[in-house]
Amino acid sequence: MKALVIGGGGREHAIAWKLSQSKSVDKIYCCPGNAGIAGIAECIDVNQDDFRALLDFVRYEWIDLTIVGPELPLSKGIVDLFEKEGRKILGPTKAAAQLESSKVFSKDLMRSHGIPTADYKVFTSYLHAEEYVRFKGAPIVIKADGLAAGKGVFVAASVDEAMDALRQIMKERAFGKAGDRVLIEDCLRGEEASFMAFTDGKTIVPMVSSQDHKRINNHDEGPNTGGMGAYSPAPVITPELQETVMEKVMKPTVRALKSEGVPYKGILYAGLMIDRGKPYVLEFNCRFGDPETQPVLSRLQSDLMEIATAIADERLGDITIEWKKDPSVCVVVSSEGYPGKYRKGDVITGLDEAASLEGVHVFHAGTAFKGEQIVTAGGRVLGVTATGESIADAKKRAYEAIGRIHFRGMHYRTDIADRALQRKD
Ligand code: AMP
Ligand code: GLY
């Protein structure tokens, strides 16, 4: 069978890598891909935003299944078009993808179906929003409604910070139309975890748990990023809590969407805050997390092509999904300047040496070829991922591998997975 992966980051490298292990897959294409993906897939030069062109490519090459990595094509309806034309694709429709593309849609759904989440109010008027912040006080969370590449959320420690966030979103229009509506949420406390599941709209199968590291620097300091590292499993998600999340969050959400006339198929990702053993939803994503997918798919025993096909055919209940016991840790290596303006075009050395270490896999994110050499081409450059007998072992291997890699201005956190290692229970 032939597969097409849409996207070109670390998540898509992990998806393509996992597909490459499938007995039934004999060819993988990726649009646009990156220098690492090019080793296992044919990277194609089709405009990622041109769904008609992608559809033509799928028809011409007789591609059996398309997997969409990022949220943007989903929120713009790539699944609607492919399904209308009878093509198998993994992901939710445009209407269902609102779970991620509109925070108001997602919070309203949670509120009306009793799914645990922070209390909130929606504003279109700057004056009313200001008034509400003054009334509530700090800490308080301000969010732009629409997609803002992870930058539209402000956890304000003071009323001044909250006012500044409102100004940026509503007055300066820093996120354009994504800021037409603003959510003001109560601030939750606890430990965050990522919970992903496969679903065909009827059956929901949880993936192993994981935890992201959103800030750029050690000890969760500095600005938010797309994610600087992840590990799996996340010990905060105990087997009992996994059951609770399935019963109180995942199943009710899929049921709620169906009852509202927007059946959900694909990957459902809940960003959770765990407070004294209880889960609260911070956000939903309608796709695999990045970088959580790198350690999570590293632990997938079953065949990803088989799972994706079963979801597209709505027979997920007919298959069994198995995971490897060994934990996995992914450390993201980023370019100097990220998440602000960053350097590009620096030569990366030591990749082969790093990848030859036991249990290590180097997933590429922002990389490109310059002649024979591999150079940096994005903010997040690599996701150095290792599995081991324990989280400590996996972590040690990942950092050993990073020690072999070099490029000018490379940055990475040195405390990925420490939270799991420092747990007292
Ligand atoms: P989101 O994109 O909605 O997940 O928000 C990004 C990050 O902001 C989350 O991972 C949390 O760290 C933080 N955050 C979002 N909502 C809240 C909340 N209600 N309380 C505390 N922190 C939050
Ligand atoms: N790592 C967070 C996300 O994928 O949104």
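Each chain has its residues counted from 1, running along the sequence as written. Labels are handed out in written order, letters beginning with A for the chains and numbers beginning with 1 for the ligands. Only residues with pLDDT of 70 or above have their local features reported here, since the model is predicted, and side-chain atom pairs are shown and tallied only from 80 upward, although totals for entire chains, interfaces and linings are computed over all residues. The side-chain figures draw on all heavy atoms in the structure; neither hydrogens nor water molecules are used.

Next up on the list: unusual backbone geometry. Excluding glycine, residues mostly carry a negative phi; peptide bonds, for their part, are mostly trans. For the bond running from Cys-31 to Pro-32, omega is 0°, close enough to zero to count as cis. Counting from the N terminus, the helices are the DSSP runs of H or I reaching at least four residues and the strands are the DSSP runs of E reaching at least two. Following the sequence through the fold, Pro-32 ends up in strand 2 (residues 27-32). Along the chain, Asp-290 connects to Pro-291 via a cis peptide bond; the corresponding omega equals 20°. Positive phi values are uncommon outside glycine, yet Trp-62 reaches one of about 55°. Mapping Trp-62 onto the fold places it in the loop between helix 2 (51-60) and strand 4 (65-68). Although it is not a glycine, Arg-173 adopts a positive phi angle of roughly 55°. Burial status follows relative accessibility: with a 1.4 Å probe on protein chains alone, a residue under 20% of its type maximum counts as buried, one over 50% as exposed, and anything between as partly exposed. The partly exposed category is assigned to Arg-173, whose relative accessible area is 35%.

With that settled, consider the sheet that holds strand 17 (residues 278-285). Taken in spatial order, the 4 strands line up as 11-10-16-17 in an open sheet, and their pairing is antiparallel. A single partner strand is all that each edge strand has here, and the edge strands are strand 11 (204-206) and strand 17. Neighbour to neighbour, the strand axes of the sheet diverge by 35° on average, direction disregarded. Pairing between strand 10 (residues 191-199) and strand 11: 3 bridges, direction antiparallel. Pairing of Phe-198 across the sheet is with Val-205, part of strand 11. A pair of strands is considered paired only if DSSP assigns at least 2 bridges between the two. Lines fitted to C-alpha atoms define the axes, with helix axes restricted to the stretch in contact, and inter-axis angles between N-to-C directions lie between 0 and 180 degrees.

What follows covers the site of ligand 2. By convention in this text, a residue qualifies as near a molecule or strand provided that one of its non-hydrogen atoms is within 4 Å of it. The full set of residues close to ligand 2 is Asp-212, Lys-214, Gly-226, Tyr-269, Asn-285, Arg-287, Gly-289, Asp-290, Pro-291 and Glu-292. A distance of 3.4 Å separates a nitrogen atom of ligand 2 from a polar backbone atom of Gly-226. Take Arg-287: an N or O atom from its side chain is 2.9 Å from an oxygen atom of ligand 2. In short, Shrake-Rupley with a 1.4 Å probe defines the accessible areas, and a residue's cover is counted only from the protein chains shown. Burial of ligand 2 by the protein chains amounts to 88% of its free accessible area of 200 Å². Side-chain atoms alone can form a polar contact between residues adjacent in sequence; in general such a contact is a pair of N or O atoms within 3.5 Å, and within protein one must be able to donate a hydrogen while the other accepts it.

Further remarks concern the site of ligand 1. Residues in contact with ligand 1 amount to 14 residues; listed here are only the nearest, Glu-185, Leu-188, Glu-192, Lys-214 and Glu-283. In the model, an oxygen atom of ligand 1 is placed 3.2 Å from a nitrogen or oxygen of the Lys-103 side chain. Within the contact set of ligand 1, an oxygen atom lies 2.9 Å away from a side-chain nitrogen or oxygen of Lys-143. For ligand 1, the accessible surface in isolation is 470 Å², of which the surrounding protein chains cover 90%. Listing elements by their share of the shell around ligand 1, those giving two or more residues are strand 7 (140-144), strand 8 (153-156), strand 9 (182-186) and strand 17.

Here we come to the packing of aromatic side chains. Only the six-membered ring of Trp is used, alongside the rings of Phe and Tyr, when aromatic pairs are assigned; centres must lie within 6.5 Å, and planes under 30 degrees apart are stacked while those over 60 apart are edge-to-face, with the rest tilted. Considering all chains together, one arrives at 8 aromatic pairs under this definition. Taking the centre distance of 5.3 Å and the plane angle of 75° together, the rings of Trp-17 and Phe-363 count as edge-to-face. Linking Trp-17 in helix 1 (residues 10-20) with Phe-363 in strand 19 (residues 360-364), this pair joins segments that are 346 residues apart in sequence. Classification of Trp-17 by relative accessible area gives buried; the value is 15%. Judged by centre distance (6.4 Å) and plane angle (85°), the ring pair of Phe-198 and Phe-288 falls under edge-to-face. Taken together, the residues span a long stretch of sequence, with Phe-198 in strand 10 and Phe-288 in the loop between strand 17 and helix 10 (293-298) at a distance of 90 residues. Neither residue differs from the other here; Phe-198 and Phe-288 are each classed as buried.

Before going further, it helps to spend a moment on the nonpolar core. Think of a nonpolar core as a cluster: buried Ala, Val, Leu, Ile, Met, Phe, Trp, Tyr and Cys residues, connected wherever their side-chain atoms sit within 4.5 Å. Judged by nonpolar contacts, the single largest core of 77 residues is most densely connected at Ile-78 and Met-250. By residue number, the principal contributor to this core is helix 9 (residues 239-259), which donates 8 residues. Counting 34 residues, the second largest nonpolar core, distinct from the first, contains Val-25, Val-208, Ile-311 and Leu-316.

Those residues of helix 7 (residues 126-136) that sit buried are Tyr-126, Ala-129, Glu-130, Tyr-132 and Val-133. Seen along its axis, helix 7 keeps its buried residues to an arc of 165°; they face one direction. Of the exposed residues in helix 7, the ones pointing more than 90 degrees away from its buried face are Leu-127, Glu-131, Arg-134 and Phe-135. Residues count as neighbours in contact if any of their non-hydrogen atoms are within 4.5 Å of one another. Where helix 7 is buried, its residues touch strand 6 (120-123), strand 7, helix 8 (159-171) and strand 9. Two residues or fewer after helix 7 comes Gly-137, characterised by a positive phi angle close to 75°. The directions from the helix axis to the C-beta atoms form the arc being described.

The next subject is the side chain of Ser-328. Tracing the backbone through its elements, the reader meets Ser-328 in strand 18 (residues 328-334). Among the polar contacts made by the side chain of Ser-328, one reaches the main-chain carbonyl oxygen of Ala-386 at a distance of 3.4 Å. Contact partners of Ser-328, with chain neighbours within four places excluded, come to Ala-230, Tyr-231, Ser-232, Pro-295, Ser-298, Arg-299, Thr-385, Ala-386, Thr-387 and Ala-394.

Such coordinate-based values are descriptive only and should not be taken to indicate function.
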